[in-house]
Amino acid sequence: MPFLLPLFFQDALGWSPVQAGAIVLTLFVGNLVIKPATTPLLVRWGFRRVLIASTAGAVLSMVLAAFIAPLTPIAFVVVLLVFSGMTRSTGFTAYNTIAFADVPAEEMTAANTLASTVQQIAAGLGVAVGAVALRFGEPLAAWTGLQEPAGAYRIAFVLIAVLALGSVVEAVRLSPAAGDNIRPPRRRVSAPSAPR
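Only a predicted model underlies this, so the values are computations on that prediction, with no experimental measurement involved. (Residues numbered from 1 in each chain as written. Predicted model: local features only at pLDDT ≥ 70, side-chain atom pairs only at ≥ 80, totals over all residues. Heavy atoms only, no water.)

Caption draft 1: Inspection of the pattern of salt bridges at higher detail. In total, this model carries one salt bridge according to the counting rule given. Taking the shortest distance from any N to any O, the salt bridge between Glu170 and Arg173 comes out at 3.3 Å. Of this pair, Glu170 and Arg173 both sit in helix H5 (residues 151-173), separated by three residues, roughly a single helical turn. Residue classification places Arg173 among the exposed residues on the basis of a relative accessible area of 63%. (Salt bridge = Lys/Arg side-chain N within 4 Å of Asp/Glu carboxyl O. Helix = DSSP H or I, 4+ residues; strand = E, 2+ residues; numbered from the N terminus. Buried < 20%, exposed > 50% of the residue type's maximum accessible area, 1.4 Å probe, protein only.)

Structure follows, in structure tokens:
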């Protein structure tokens, strides 16, 4: 999304690089806003529920991005991008945390190195997938009659959303107890004692 959105705003909607960059920053505002709430969400709902909700929300935001048009209100675009950033950030945090759930303490350094390397490869792969989806979207846009400048981008967003559905399926298949060994216990609120 951070790769395709600035291109979409500039190439398809005709925005300036400054306008496109300013709007895309709201995606990262969503990332930051949700961070303090991520741990409480995981404590309250568990990894499985949080991953289902966050990945489904990310898929929804990708599909909705396909419907952004030149006359779409900027407020809607900002809300959509903040929502997208929140769902993606929550999912990344949950995945990055649960990845270490079953790693013994003596292997944690090697596991952390491996996880960091895989994240960098995945980021590069994500950009490549976005570029391929956009390239694939061009002939599909012509074939389906979406020959407007935004047509290829609309198809690319939908294709990426379809790919992201795999994450939703995997989250649904996850055990409800997944990650419970690293999940902090919920605090129990004791009932107020009766006055004596």
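From this point, the narrative continues.
Caption draft 2: Focus on the nonpolar core. Among the nonpolar cores identified, the biggest contains 32 residues, and Leu5, Phe8, Phe9, Met62, Ile68, Leu81 and Phe157 are the most heavily contacted of them. Only helix H1 (4-12), helix H2 (17-65), helix H3 (74-98), helix H4 (108-144) and H5 provide two or more residues apiece to this core. If we ignore the near neighbours within four places in the chain, the residues touching Phe8 are Leu13, Ala65, Ile68, Ala150, Tyr153 and Phe157. Within the second largest apolar cluster, nine residues are counted, among which are Ala94, Ile98, Ala171 and Ala178. (Core = buried A, V, L, I, M, F, W, Y, C linked by side-chain atoms within 4.5 Å. Contact = heavy atoms within 4.5 Å.)

Caption draft 3: Broad picture of the layout of surface pockets. Size it by volume and the largest pocket reaches roughly 1200 Å³. Around the largest pocket, the lining is made up of 34 residues, and of these Arg88, Phe92, Ala122, Ala123 and Gly126 lie nearest the centre. For the lining of the largest pocket, the secondary-structure elements that each account for two or more residues are H2, H3, H4 and H5. Broken down by element, the residue count for the lining of the largest pocket peaks at 13 residues, all from H4. Looking at the lining of the largest pocket residue by residue, the classes come out as 23 nonpolar, ten polar and one charged. Taken together, Ile34, Leu41, Trp45, Arg49, Val50, Ala53, Ser54, Gly57, Phe83, Met86, Thr87 and Thr90 form the lining of the second largest pocket. Taken together, the elements giving at least two residues each to the lining of the second largest pocket come down to H2 and H3. Of the residues forming the lining of the second largest pocket, the biggest block, eight residues, is contributed by H2. By residue class, the composition of the lining of the second largest pocket is seven nonpolar, four polar and one charged. (1 Å grid on protein atoms, 1.4 Å probe; cavity = no way out; pocket = protein on both sides within 12 Å on 5 of 7 lines; lining within 4 Å. Points joined across faces, edges and corners; volume = space filled by probe spheres on them. Nonpolar A, V, L, I, M, F, W, Y, C, P; charged D, E, K, R; others polar.)

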